[in-house]
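The chain contents come next:
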Amino acid sequence: MIVPKYWSESQAKTRANDRQYTIKRFGWSDISEEDAKRHADERLDDALKTLSEQGDVRRVDHKISYNGAEGIPIREEVVANHQDVVISRNSYGALCLNTPDVMFADIDLDSSPSTRLVTWAFLGLALIGAAAALVAGSWWVLFAALLVSLLFASTLAGFINNRLINRRGGLEQEAITRFKQVSADNPALHLRIYQTSMGFRILFMEQTYEPTSESSAALLKSLGSDRVYMQMCRNQRCFRARVSPKPWRVGIERLRPRPGVWPIKAERLKERQDWIRAYERKANDYASCKFMMKLGSDITDPKAIHVMRLHDDLCKANREYSLA
């Protein structure tokens, strides 16, 4: 896991294959801006060498805060360090906890029907329409039936999906049942379950985990963890949890100035700091998640206890606040 304090960028113009190239590379460091600049120069030299040897190279590092693209570290302002845990401010202004080996699962509840169910709903409507057209002996009826099938397949699939969800006790109960099954199948696990605005968060307490391992991915998948989150864990070699509210949920717009990718120009810092003060006043009366229950064993790892205490305090997970 790398969440650098300092960033720099180097660029060069050159010609290759009778074409003009402008190559840009970021550098990063926890030591100083000068060290970040040296790193940027080194990465730029490597890119120019690749261009010379292979005839082509990616021209720029995209300035994206957190997506694991192209091997670039998390590009966010470091707000605090707690041993090897980093608290950073993401691109829309919320604080995030980043840990190299204490695993979080992120589970969003989604009631939208699957593509497969929508397809079956369309085919069902289309078959009914085809039967009506056959009885009527009209191609126009068939055309109208296919049009209606296209327009209403998603609606029908949504209705069927909601009925199935309700029959299983609702999305929340379905998810909790899945968590309990995973716990029963893996009795050594010690899971702390938190409620979030969109679903659940799970903290693993019994041991540390490697973000790139297949065993970590298998556990996250079994719990129904968000696929994008799982991919970012692997790419950035860390686990992550948002520990302050999303701004729009507490009545404030996203981080200013936009985009909120770190670092920003010195002349824009005051605007950013003003936004942060206003955000912190609004966020003070909200929680990011709420502790619900513990599942499994009583085994604990010292690092997991450290992360749990930090996480619960920052999230206000044990206080009676609205979730945001």
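Up top you'll find the structure we're talking about.
Residues numbered from 1 in each chain as written. Predicted model: local features only at pLDDT ≥ 70, side-chain atom pairs only at ≥ 80, totals over all residues. Heavy atoms only, no water.

Got a sec to walk through the nonpolar core? Specific residues and values, please.
Grouped together as the largest cluster of nonpolar side chains are 40 residues, with contacts concentrated most on Leu97, Phe104, Phe179, Ile202, Phe204 and Phe239. With five residues, helix 8 (residues 302–315) is the largest single contributor of residues to this core. In this view, Phe179 contacts Ile107, Leu191, Ile193, Phe200, Ile202, Leu223 and Leu295; residues no more than four positions away in its chain are not counted. Formed by 10 residues, the second largest nonpolar core is a distinct cluster that contains Val250, Ile252, Ile276 and Tyr279. (Core = buried A, V, L, I, M, F, W, Y, C linked by side-chain atoms within 4.5 Å. Buried < 20%, exposed > 50% of the residue type's maximum accessible area, 1.4 Å probe, protein only. Helix = DSSP H or I, 4+ residues; strand = E, 2+ residues; numbered from the N terminus. Contact = heavy atoms within 4.5 Å.)

Describe the sheet that holds strand 7 (residues 190–195), listing the residues and the values that go with them.
Taken together, the four strands give an open sheet; going across it, the order is 6-8-7-11, and neighbouring strands pair in antiparallel fashion. Among the strands making up the open sheet, the edge pair consists of strand 6 (104–108) and strand 11 (290–296). Adjacent strand axes in the sheet meet at a mean angle of 20°, parallel and antiparallel pairs treated alike. The sheet contact formed by strand 7 and strand 8 (residues 199–204) spans five bridges and is antiparallel. Residue Leu191 lies in a different strand from strand 8, and its bridge partner there is Phe204. Most of the contacts of helix 4 (residues 171–185) go to strand 11, to which it runs at about 35°, and overall it touches strand 6, strand 7, strand 8 and strand 11. (Pairing = 2+ DSSP bridges. Axes fitted to C-alpha atoms, helices over the stretch in contact; angles between N-to-C directions.)

Can you break down the side chain of Arg75 residue by residue, with the values?
Residue placement: Arg75 occurs in the loop between helix 1 (33–54) and strand 3 (77–82). No salt bridge is formed by the buried Arg75; the nearest opposite charge belongs to Glu9, separated by 6.6 Å. Within polar-contact distance, the side chain of Arg75 engages the backbone oxygen of Trp262 at 2.7 Å. (Lys, Arg positive; Asp, Glu negative; His and termini not counted. Salt bridge = Lys/Arg side-chain N within 4 Å of Asp/Glu carboxyl O. Polar contact = N/O pair within 3.5 Å; in protein donor to acceptor, adjacent residues only side chain to side chain.)

Provide a residue-level description of the environment of Thr212, including the pertinent values.
Relative to the helices and strands, Thr212 is located in the loop between strand 8 and helix 5 (214–222). Here the alpha-carbon distance between Thr212 and Gln231, two residues 19 residues apart in the chain, equals 9.2 Å. Residue contacts for Thr212: discarding those within four places in its chain leaves Arg234 and Arg237. A polar contact of 2.9 Å, which involves the side chain of Thr212, links it to the side chain of Glu210.

Describe in detail the sheet that holds strand 5 (residues 95–99), supporting the description with residues and values.
Sheets are built from strands paired through backbone hydrogen bonds, the pairs being either parallel or antiparallel. Pairing in this open sheet of four strands is antiparallel, and the strands run 3-4-5-9 from one edge to the other. Strands with a single pairing partner mark the edges of an open sheet, and in this sheet they are strand 3 and strand 9 (239–242). In this sheet, neighbouring strand axes are inclined to one another by 25° on average, regardless of whether the strands run parallel or antiparallel. Sheet topology note: the strand 5/strand 9 ladder contains four bridges and is antiparallel. What sits directly across from Leu97, in strand 9, is Ala241.

An account of the environment of Glu280 is requested, with residue identities and associated values reported.
Following the sequence through the fold, Glu280 ends up in helix 7 (residues 269–283). Taking the C-alpha atoms as reference, Glu280 lies 9.5 Å from Ala94; in sequence the two are 186 residues apart.

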